[in-house]
Amino acid sequence: MHELALSQQVARLVTRAAAGRRVAAVHLEVGHLRQVTPEALEHAWVATVNRTPLASARLVVTAVPAAVLCADCHAETVLAGVPRFDCGACGSHDTRVVRGEEFRLTAIDVDDDPTTGG
């Protein structure tokens, strides 16, 4: 399960960025083409942060739909269901993926108040 390796790397990045502050939430963008199962990622996150300073941090995952851009007509097509990489406007197969491959840590919510025990 590569979700475990991903959650471990995210936890390392978040721990470093938090610099000792309590982390309330970790925000990720995950593209549909990344082959990451949100439920598996959530379970991996819980296992990864268990008994660590990140144990109370929520994982907030925003799904990014995949899309292709047509080289012929310049239309952008969002891929739905089983991905077909042809243009939804003109049918051309000369397209490139412009969204959907993301795995991005976008933000962490931290408690800057040292009196809260964080």
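Okay, so let's go over this structure. The structure presented is a predicted model; accordingly, all values stated were derived computationally and were not measured. (Residues numbered from 1 in each chain as written. Predicted model: local features only at pLDDT ≥ 70, side-chain atom pairs only at ≥ 80, totals over all residues. Heavy atoms only, no water.)

Considering the state of the cysteines
Thinking step 1. The full count for this structure, using the stated rule, is 0 disulfides.
Thinking step 2. For the unlinked cysteine Cys-70, the closest cysteine sulfur is that of Cys-90, found at 3.7 Å.
Thinking step 3. Left without a disulfide partner, Cys-87 is nearest to the cysteine sulfur of Cys-73, which lies 3.6 Å away.
Thinking step 4. What makes Cys-87 buried here is its relative accessible area of 4%. (Disulfide = S-S within 2.5 Å. Buried < 20%, exposed > 50% of the residue type's maximum accessible area, 1.4 Å probe, protein only.)

Things to note about the pairing of strand β2 (residues 58-64)
Thinking step 1. The pairing of strand β1 (residues 22-31) with β2 spans 7 bridges and is classified as parallel. Bridging across to β2, Val-30 finds its partner in Ala-63.
Thinking step 2. Between the parallel pair β1 and β2, the chain is carried across by helix α2 (residues 38-49), and the sense of this crossover is right-handed. (Pairing = 2+ DSSP bridges. Helix = DSSP H or I, 4+ residues; strand = E, 2+ residues; numbered from the N terminus. Right-handed = clockwise from strand over helix to strand, strands pointing away.)

Section: the sheet that holds β1
Thinking step 1. Read across the open sheet, the 3 strands follow the order β2-β1-β6; overall the sheet is mixed. Of all strands in the sheet, those with a lone pairing partner are β2 and β6 (103-111), marking the two edges. Each adjacent strand pair in this sheet contributes to an overall mean axis angle of 15 degrees, direction not counted.
Thinking step 2. Both β1 and β6 contribute to a ladder of 8 bridges, which runs antiparallel. By the bridge assignment, Ala-25 is partnered in β6 with Asp-109.
Thinking step 3. Contacts between helix α1 (residues 2-18) and the sheet are confined to β1 and β6, with β6 contributing the most and set at about 45 degrees to the helix.
Thinking step 4. With respect to the sheet, α2 is in contact with β1, β2 and β6, its orientation differing from that of β2 by roughly 155 degrees. (Axes fitted to C-alpha atoms, helices over the stretch in contact; angles between N-to-C directions. Contact = heavy atoms within 4.5 Å.)

Examining the sheet that holds strand β4 (residues 76-78)
Thinking step 1. Taking strand neighbours across the sheet as the criterion, the 3 strands line up as β4-β3-β5 in an open arrangement whose pairing is antiparallel. On the outer flanks of this sheet lie β4 and β5 (95-99), each paired with one strand and no other. Going across the sheet, the axis of each strand differs from the next one's by a mean of 35 degrees, ignoring polarity.
Thinking step 2. Taken together, the 3 bridges between strand β3 (residues 67-70) and β4 define a ladder with antiparallel strand orientation. The residue of β4 that forms the bridge with Leu-69 is Glu-76.

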